[in-house]
Structures are given as structure tokens and as C-alpha cells.
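# Summary of structural features
What follows is each chain in one-letter form.
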Amino acid sequence: MIPEGPIGALRAAGHVMLLTGAGISAESGLATFRAPLTGLWENFNPMDFATLHAFESDPALVWGWYEWRRMRVMQAEPNDGHLAITALQRKLNGLSLITQNVDDLHERAGSHFVRHLHGTIQQPRCMACGKAHTLPPGIPVEPDGGRKVEPPRRRDCGSLIRPGVVWFGESLPRKEWEAAEQAARQCDVFFCIGTSGVVEPAASLLRLASARGAITVQINTEDTGLEDRVTYNLRGPAAVVLPELVRHL
Ligand code: BV8
């Protein structure tokens, strides 16, 4: 049951900001970032892979992990949480959608102007100059039993192609980050949806919005430690809570 508070705040808001994390893609079957990995990767920790050092040390292993994730993303479908956000975007004039996720499920649910703070898995780029690299069409095949997949190299200069994501220790894309900071400063209502609030600087956006007097709402299936720092805490799966919110608008 959704309390009247968040619904009234949404109705009255001039500018709403949504920050989504891996939890909103959980019901599409994509593992969240800190949940134990499954299958081929069950004994691996994402934190050990999502770094430039890991890729430079073993490009085939890290590229194999991203290809496995890209395959899982391409096999996944947007869930009712993604679709509810698209409905919110249509109902509310000023809505900023910022995601920490590297999947494209918000876009495939029909959302526009999605800001990816941590890049996207669908847009690999050249290690040397950052030039976008087009991957062959179709879903990557699961490597035959192994985990390693040699990353492609550019034909002209032979540079390695890397995943188009922001690794730990790397700066966020400036345009996306500035847009997120501006939205956090200006919004009347800030939702953090399906994120553990661990990764910086994304996690600082809630603090910025709150400090500027925004009403803050958390949607999560578990405690994150943010419960005392938000105005409203809605416990439950994003794919259930968000459609319920939209139904009341
Ligand atoms: C930076 C792309 C400046 C890759 C990701 C030392 C050196 C440098 C920096 C640092 C350092 N020490 C600390 C830092 C800062 C560091 C950081 O934050 N580290 C953490 C571990 C403390 N940050 C950085 O490095 C950032 N850059 O600071 O630049 C700089 C530059 C150079 C030198 C110094 C500073 C870059 C961070 C970006 C990392 N890249 N992703 C990839 O995906 O492979 S982050 C990764 O975590 C994903 O993007 C993910 O989205 C993100 C956040 O995680 P969550 O989305 O919150 O996912 P999580 O699994 O944690 O939680 C899911 C939640 O959903 C849970 O709460 C769960 O309960 C909930 N849930 C589950 N199911 C549901 C649900 N909720 C609702 N409904 C459901 N159904």
C-alpha cells in the first residue's frame, strides 16, 4: 500500500529526479552488482573485474565477463518497474532519469533522455583514443565452457577495444555527471530506486537533493542504511511499487 505522502509530493512536484541502480533490473533477471554472481562467474567478485587494472592484466577474462553480461542484457526484457518509469515520464513534465546501470532496459521500455553515470555495456570503445567500436549484430555466444573471450582490436591501429563502462577509479562522463548534479540541486522530489547507495559519487546525489530541501523517497527490497535519511521509505520490489505509484497519480 503506498502512503499518501509520496503520491501527493509527485502530484505537486515541478521537477522530479529518479536515480536507479541495479535493483530495478533485478526483475528482468539481471544480477544486481553486489549479489553473488551465478553460473560461470559464481566464484568471481564484480569488484575484481570492474577496473582498468583487471582489464589490462587479463583482457580476455574481463572482456569475457562483459560479453556474458551483454548477452544476459540482450536476453532480458524491461520489467514493470522500467515501464512504470516510462509512464511517469509521460505523465510528469519535469522528470530527470539518471541511472547507474550499464544496461539499456530503460531505453527499451520507452524512456527518453536516460543519463548513464557509469556508461553502457552496448557501446565499447578504443582503449587508445576512445573511438566508439561497433560490435557485430546479434547476441554474443556463451564462450564454449571457458570464460575468456579475446577482445577485438582496431584494424587500423591494432588498439584493444574495451567495454564502454566507467570502472572503479575512473571519472564519470562529465556531461552526464553535471546533468545529474544539476537535477539533484533543482528537483522537488528525489527517488532512489534499487540502489545500495554504496558507489560514489552517484550516492552523493541523494545527499545533495536532501540538503536542497527535496522530498526524498527510497524504493528498495532491503535496508540500505539510508532509511533514516529519506523522507519516505517504500519497501518492496520496484516492479511492484512503481506501477502502484503510477496508478495513484
Ligand atoms: C570516481 C560500471 C573520481 C562497471 C560501476 C579509490 C580510487 C578511486 C575511487 C575510489 C576509491 N575508493 C572509493 C572510490 C570511489 C569509487 C567507489 O564508490 N567505490 C565504492 C566501492 C566505495 N567510485 C569510483 O571509482 C567512481 N569514480 O570516483 O571518480 C576519481 C577518479 C580517479 C581517481 C579518484 C577518484 C566510479 C564508480 C563507477 C563504478 N562502475 N559500474 C560495471 O557495471 O561493470 S558501479 C556499479 O555499482 C554498477 O554501475 C551499479 O549500478 C553500481 C551501484 O550499485 P547498485 O546499482 O546500487 O547495485 P547494488 O547491487 O549495490 O545494489 C542493488 C540494490 O537493489 C540493493 O540495495 C538491493 O537491495 C536492491 N534491490 C534488489 N532487487 C530489487 C531491489 N530494489 C528494488 N526492487 C528490486 N526488485
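Located above this text is the structure these notes cover.
Within this structure, the stated rule accounts for five aromatic pairs. Taken together, a centroid distance of 4.8 Å and an interplanar angle of 70° make the contact between Trp-65 and Tyr-66 edge-to-face. Judged on exposure class, the residue Trp-65 and its partner Tyr-66 are both buried. The structure contains a cluster of three or more aromatic residues connected by ring pairs, namely Phe-49, Phe-55, Trp-65, Tyr-66 and Trp-167.

Attention shifts here to the pairing of strand β6 (residues 189-193). In terms of burial, β6 is largely enclosed, as five of its five residues are buried. Going residue by residue along β6, you find Val-189, Phe-191 and Ile-193 tucked away on one face and Phe-190 and Cys-192 tucked away on the opposite face as well. Both strand β1 (residues 15-20) and β6 contribute to a ladder of five bridges, which runs parallel. Of the residues in β6, the one forming a bridge with Thr-20 is Ile-193.

Strand β7 (residues 215-220) sits mainly inside the fold: five of its six residues count as buried. With five bridges joining them, β6 and β7 adopt parallel strand pairing. The residue bridging Cys-192 from the neighbouring strand is Gln-218, located in β7. Each parallel crossover has a hand, and for β6 linked through helix α8 (residues 204-211) to β7 it is right-handed. Where β7 and strand β8 (residues 232-235) come together, four bridges link them in parallel fashion.

About the criteria used
Residues numbered from 1 in each chain as written. Predicted model: local features only at pLDDT ≥ 70, side-chain atom pairs only at ≥ 80, totals over all residues. Heavy atoms only, no water. Phe/Tyr/Trp six-rings, centres within 6.5 Å; stacked < 30°, edge-to-face > 60°. Buried < 20%, exposed > 50% of the residue type's maximum accessible area, 1.4 Å probe, protein only. Helix = DSSP H or I, 4+ residues; strand = E, 2+ residues; numbered from the N terminus. Pairing = 2+ DSSP bridges. Right-handed = clockwise from strand over helix to strand, strands pointing away.

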